Amino acid sequence: MTILDGKTLSQEVMEDIKVEVLNYKKNGIVPGLAVILVGDNPASLLYVNMKTKACERVGIYSINHRLPKEITEEKLLSVIRILNENPMVHGILIQLPLPEHIDENRVLEEVATCKDVDGFHPYNMGRLARGNPCFTSCTALGIMKLLEAYSIEVKGKDVVIVGAGNMTGKPMALLLLNQNATVQVCHIFTANLRDKIATADIVISAVGKNGLINGDMIKERAVVIDVGIKKMGDRVVGDVDFESVSPKASFITPVPGGVGPMTIAMLLHNTLKAVSLSLSS
Ligand code: GUN
């Protein structure tokens, strides 16, 4: 069994990004990322801080907007419109989830498609669905980079994705389909999840339910990717029971240190892509 070491790979990616950022700066361009956080959800705050620190490490200028949870949708939309027009801002990220009184779809659609570093705008989701992606979900992209780095072929493989969310499950399915994998997307209403996982060459779980996947459920030598992340006391755990799954798997991501750091590295990667787009338009 080989551990898919997202921590090390993300550091390598970030070293390359650092060099690219320096080159931009030599030409008078400072890559900038605006991060909007509405409210004070502790998990969101933690993620946003991690993203900001990563920007600092590679020299990307990050602009944080912490907005009160009572903010009106109109006011939030006006903040986005200002960022859309700001030439110092190349990428815009709106940390999810948003408070319930705000229409997430409406807000995500307001982000300029050329600054949509999360890839959540319908234009970018649509391009991915067409097989002609521009910006793609950082988590899904990070998983593809990990698979590639370890020479794990996806073409012709049976992949089961558990979790059909817009942030990971759906974009992941499309990326894999675009690479000619056979993909099944499972969710809370899926019947016989166990049977589906049992025959999968690659299992990707993005649910956030500790211990959902155990060693009895997977095929011998399956590749297992754990996107779930949950705090249990002072430990961070995933969906996969590492102890029982790892002896059977051929490759497995740890939690922490697997998909999480790759997601952040891909956010920085997408920010530089936004810089490059801004120069070509
Ligand atoms: N909330 C949890 N994960 C993410 C993410 O990758 N992007 C955004 N915008 N919000 C999130």
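Predicted model only: the values in this text are computed from it and were never measured.

**Looking at the site of the ligand**
In the vicinity of the ligand, the residues found are Lys 51, Leu 93, Ile 94, Gln 95, Leu 96, Asp 118, Phe 120 and Met 167. Gln 95 has a polar side-chain atom sitting 3.1 Å from a nitrogen atom of the ligand. The backbone of Leu 96 places a nitrogen or oxygen atom 2.9 Å from a nitrogen atom of the ligand. Its free accessible area being 270 Å², the ligand has 83% of it covered by the protein chains. More than half of the atoms of the ligand fall within 2 Å of the grid points belonging to the largest pocket. Its residues assigned to classes, the shell around the ligand shows 5 nonpolar, 1 polar and 2 charged.

**Focus: the layout of surface pockets**
Of the volumes computed, that of the largest pocket is approximately 1200 Å³. Looking at the largest pocket, it is lined by 45 residues, and the ones nearest its centre are Tyr 47, Thr 139, Val 227, Gly 228 and Ile 229. Among the residues making up the lining of the largest pocket, the classes are represented as 24 nonpolar, 16 polar and 5 charged.

**Some thoughts on the sheet that holds strand β3 (residues 61-67)**
Reading across from one edge, β3-β2-β4 is the order of the 3 strands in this open sheet, with parallel pairing throughout. The sheet is open, and its two borders are formed by β3 and β4 (91-94), each paired with just one other strand. For this sheet, the mean angle separating the axes of adjacent strands, direction not counted, is 15°. Pairing between strand β2 (residues 32-38) and β3: 7 bridges, direction parallel.

**Focus on the pattern of salt bridges**
One pass over the structure, following the stated rule, counts 6 salt bridges. The salt bridge involving Lys 18 is made with Glu 15; its shortest N-O contact spans 3.8 Å. Of the two residues, Lys 18 and Glu 15 both sit in helix α1 (residues 6-26), 3 residues apart, roughly one turn of that helix. Judged by its relative accessible area of 34%, Lys 18 is partly exposed. Taking the relative accessible area as the measure of exposure, Glu 15 reaches 43% and is therefore partly exposed. As a salt-bridge pair, Arg 106 and Glu 110 come within 2.9 Å of each other at their nearest N and O atoms. Here the residue Arg 106 and the residue Glu 110 both occupy positions in helix α4 (residues 104-110), the gap between them amounting to 4 residues, near one helical turn. Judged by relative accessible area, which is 34%, Arg 106 ranks as partly exposed. Several salt bridges share partner residues, and in doing so they unite Glu 74, Arg 81, Arg 106 and Glu 110 into one network.

About the criteria used
Residues numbered from 1 in each chain as written. Predicted model: local features only at pLDDT ≥ 70, side-chain atom pairs only at ≥ 80, totals over all residues. Heavy atoms only, no water. Near = heavy atom within 4 Å. Polar contact = N/O pair within 3.5 Å; in protein donor to acceptor, adjacent residues only side chain to side chain. Areas by Shrake-Rupley, 256 points an atom, 1.4 Å probe, with all protein chains shown as cover. 1 Å grid on protein atoms, 1.4 Å probe; cavity = no way out; pocket = protein on both sides within 12 Å on 5 of 7 lines; lining within 4 Å. Sits in = over half its atoms within 2 Å of the grid points. Nonpolar A, V, L, I, M, F, W, Y, C, P; charged D, E, K, R; others polar. Points joined across faces, edges and corners; volume = space filled by probe spheres on them. Pairing = 2+ DSSP bridges. Helix = DSSP H or I, 4+ residues; strand = E, 2+ residues; numbered from the N terminus. Axes fitted to C-alpha atoms, helices over the stretch in contact; angles between N-to-C directions. Salt bridge = Lys/Arg side-chain N within 4 Å of Asp/Glu carboxyl O. Buried < 20%, exposed > 50% of the residue type's maximum accessible area, 1.4 Å probe, protein only.

Scope: geometric values only; no functional claims are made or implied.
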